[in-house]
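Listed below, chain by chain, are the residues.
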Amino acid sequence: MIDCKVIKTPARGVPRIIAVFSFRYDAHLVPDLIRNISPFVHGYAAFDDRATSLPMTDEPARRNALHAAARQMGADWILAVDPDERFERAIADRIGNMTADPELNLIWTFNLRELFTPLAYRTDGIWNEKKQMRLYPAKATIEPLQRGLHGRWIANSANYIEMASGLNLYHLRHVSVRRTRHRRDFYASADPKRLFHSIGYDYLADTRGMVLKEISTGRRYDPDFIEDHGLWAAPPSQFSGEPAIDPLSSQLETLLRAIRHNAAENAACLARDITMAVPDHDCLRLVAAHLARKAGHPQDALDLLAPFFLGNQKPPQLAQEIRSACIGVSDGNPPPHPAFDQPDALWRRWVNAATFHEGPNIGRGRLCTIVVGHKSPKTLLPVVAALRSQSEDTEIVVVNSAGGDPATLLADHLAHIRLIDIQESVYVGLARNVGIDASHAEFVSFLADDCVPGPGWVASRLARHGQGAEMVSTAVMPARPRSIVGILEQTFVFPGRAPDLNEDEALHYGRSYTRDILRKTGYFAPALPVGEDSEYNRRADFIGSVEWAPEIYVTHMGKQSLRDFYRDLFKRGQRAAYFMRRPGTTKEGPHWVQRRLAVQHYRSRVVLTNHADLNPITRFALRLALRYAIHVQEKAYLSMEAPLSAAEEEIQKATEPDALIDALNAAIALTPQNWRLFMKLGSAHLSKDAKAGFPAAMEAFRKANALAPAESEPVRLACTAISANQGHAASVIFAKEALAMAPSQASLACQVAAFSQYAKQFDSSIYYGQRSLLHDPTDVRTYLILQKTYLLAGNPAQSEHCKATRDQFLAVKEEQARRPAA
């Protein structure tokens, strides 16, 4: 039975929002749910499921019925919710902008916060990544739902643009330990083979390493929750089967999530559990030892490593390294590199020619700031001056390229800085790498030559890092924040960087890093024209955690006139087109231009709401300026669409190697940041003449690697070509060089393992295969390589362990491919 109720009638021109939910064992939670949603919805449709005698009714059928009822109530938008969930209060102020235009085809996700107390939610590992799509246009529900377990609320989202609201949706079920265990057992019995959830369900009841975060005052929910200690679900007697524990494949999938979300304590516990289940599996034992050390339990790591050091057999190299790290012994790293002013200084590997200056009074503090300049602009001076005014202890490294006279410009500060002046023009990523290799400090930050650090920039970074932050992201302020140009800059150039944003909404740029994070992440992409920090941070986020520090900001000395701003915006739009367009992706759903413009329309609406205090004339001018900015972006995107599409067509039409090479070079001229094109170009040269085309192919593969250091495919193709032309040993050298750029990338370590095997360097193959599993213990290709290498090295027992692990993953994938819809 469905109960439909109107709470209030929307004002003229305001879209109608209808909430939908069903209830059964949790019926007593419904009154508080209605109190929670009443301020921001116009009505609700509720499915009363208490009359059934079945253990679990058909969820898609219930949801389809609710959607039909909401549409009959005249819903423009539907908000899906459960009786044991509560939205944060702030949704009432923001849902108007989110739903103002159903024609934009936006669907909205919320941060699902699992409460373990009425006012604290879990943030470690997988718990911090949970998101739910719950607000969507009513027209998206025409196609009926079919999937029964863990299904989404709409059947086909291809025609919609998913947007993160930044708002919290609080889930109350885990406040009770009894309910937590019951939830785990229910899903484990309903999905015994984990076909609908690859990570399994044991994690639901695993509180080891749990980290809770208090809900801040401004993000509370209403009404307050009062625990009743009920199950809110069917009793265990109605379970469809025995709630078995997760299989090894699911345990490893869960472990991977914990590793990638830096839940060190939980990951260490999970890995130790796995080792206890398969104690003779050397690779998984090494993973467990590594994670125990990472979680700060060196004795546990040593205990796990003990079997490798029994008897006269030489322990694996990785076991020796982990053991040395645990007991504080040198791990065999090479001696320190020569001083920065020497001809063979490490930083010089990045450049052909550069001059070096070391001031006698350079700071020796814990923070280094690398200032990147291009053609020595005048704005470089206030950036360095602002840094020095804040602290004389800050290690300042200025890396300028493409000429100018930075020494004269910075004459008053030369005694306090390290200046590297590169003669050629280089990209920002390469300049950053030079600065990393030419600095000492424990924490490293970066500044562009047009970004002046605000008050307390140095001290606040040091305070954040001193409290344990591994990475600190910061805000940006336009030079004239209340001007129309300043507002446009904040909206279109630096979205997600305003100081007043919640952490959930902030884009984590402007980062400083611990030296340890830099060492594990590797180097910035040296050949990327734009977006080098985005590429790097994606890797760094798997290594450590980032904190949003809105009190730390820079003032961006941007364009002063609307005319200059729009010109710059057009150029930015053209450069960004490749990243938003993603050549080769599906053409289903809204065209990439419409998708991007829909986001900008929403952001513009929010800007007008946030600047409601402007006088009417300025507000009207701002509205026109926002509209024209979107128009400029549209023109920029469309100016790239036709030539990019034409270039793709030429590539597809080319049947001869020469024609393909010409087509690829033409496409590269349009999008020089497209590493996939360089990869194809290298392959085209080899297909034309495997021997004569080898030098040109390697140049293309190296460029692809310099654009995308974390991608393994260019490395694989390059190593295959090197093996054919120079031998397997040479390919191993190249693969190791690529791994040094991104040392924590499992796929790159896997490539070193593969080509070491071909070169019959079996110890090396095993070592790098094991290193790969430290970062991705689910990689079936690595298990295959180790299976073969162990066999060739005369260790059939470990070969069989790797084969068995790989076979489990493949068996699950095969069953998942055959799984029923419900």
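See the structure shown above.
Residues numbered from 1 in each chain as written. Predicted model: local features only at pLDDT ≥ 70, side-chain atom pairs only at ≥ 80, totals over all residues. Heavy atoms only, no water.

**A short note on the overall build of the chain**
Counted only if it meets this: Secondary structure elements are taken from DSSP: a helix is a run of H or I of four residues or more, a strand is a run of E of two residues or more, and numbering for both begins at the N terminus. Here the globule rule is a power law, 2.2 Å times the number of residues to the power 0.38, and the radius of gyration is based on C-alpha atoms. Any two residues whose heavy atoms approach within 4.5 Å are treated as being in contact. To be clear on the numbers: accessible area is Shrake-Rupley with a 1.4 Å probe, and residue cover counts the displayed protein chains and nothing else. For this count, His and the chain ends are skipped, Lys and Arg are scored as positive, and Asp and Glu as negative. Where a charge lies is defined by one atom per residue type, namely NZ (Lys), CZ (Arg), CG (Asp) and CD (Glu).
From N to C terminus, the chain includes 28 helices and 19 strands. Compactness check: the chain gives a C-alpha radius of gyration of 29 Å against a globular reference of 28 Å for 822 residues, within 12% of the reference. Referenced to the eigenvectors of the C-alpha coordinate spread, the extents of the chain come out at roughly 80 × 80 × 60 Å. The long-range share in the chain, meaning contacts at least 24 apart out of those at least 6 apart in sequence, stands at 75%. Element-wise, carbon and sulfur atoms account for 53% of the exposed surface of the chain, whose accessible area totals about 35,900 Å². Averaging the locations of the 96 positively and 91 negatively charged side chains of the chain gives two centres separated by 3 Å.

**Some points on empty space enclosed by the protein**
The line we're drawing: Using protein atoms alone on a 1 Å grid, points that fit a 1.4 Å probe yet trap it form a cavity, whereas open point sets bounded by protein on both sides within 12 Å along at least five of seven lines form a pocket; residues with an atom within 4 Å of a point count as lining. Grid points are joined across faces, edges and corners, and a volume is the space filled by probe spheres set on the points. Residue type decides the class: Asp, Glu, Lys and Arg count as charged, Ala, Val, Leu, Ile, Met, Phe, Trp, Tyr, Cys and Pro as nonpolar, and the leftover types, Gly among them, as polar.
Taken as a whole and assessed by the stated rule, the structure comprises 2 cavities of 30 Å³ or more. Forming the walls of the largest cavity are 13 residues, and the residues nearest its centre are Ile126, Trp127, Tyr203, Thr254 and Asn266. Those elements giving two or more residues to the lining of the largest cavity turn out to be helix H5 (248-260) and helix H6 (264-277). Looking at which element gives the most residues to the lining of the largest cavity, the answer is H5, with 3 residues. Residue classes in the lining of the largest cavity are distributed as 6 nonpolar, 3 polar and 4 charged.

**Structural notes on the sheet that holds strand E19 (residues 546-556)**
Note the threshold: Strand pairing requires that DSSP identify at least two bridges connecting the strands. Only C-alpha atoms enter the line fits that serve as axes; for helices the fit covers just the stretch in contact. Angles between N-to-C directions range over 0 to 180 degrees.
Reading across the sheet, the 9 strands line up as E11-E14-E13-E12-E15-E18-E17-E19-E16 and stay open at both edges, with mixed pairing between neighbours. Two strands close off the open sheet at either side, each with one partner strand: strand E11 (354-358) and strand E16 (451-453). Averaged over all pairs of adjacent strands, the angle between their axes in this sheet comes to 25 degrees, without regard to strand direction. Each of strand E12 (367-374), strand E15 (443-448), E16, strand E17 (471-478), strand E18 (512-514) and E19 is contacted by helix H13 (residues 457-466), which is oriented at about 170 degrees to E19, the strand it contacts most.

**Overview of a positive patch on the surface**
Spelled out, the test is: Patch construction takes residues with relative accessible area above 30% that form no salt bridge. Like charges are linked within 9 Å, and nonpolar side chains (Val, Leu, Ile, Met, Phe, Trp, Tyr) are linked within 5 Å. When a carboxyl oxygen of Asp or Glu lies within 4 Å of a side-chain nitrogen of Lys or Arg, that pair is called a salt bridge. Only protein chains enter the area calculation, which uses a 1.4 Å probe; residues under 20% of their type maximum are buried, those over 50% are exposed, and those in between are partly exposed.
Where like charges cluster on the molecular surface, the positive patch consists of Lys559, Arg563, Arg567, Lys571 and Arg575. Its location among the elements puts Arg567 in helix H17 (residues 562-581). Judged by its relative accessible area of 46%, Arg567 falls in the partly exposed class.

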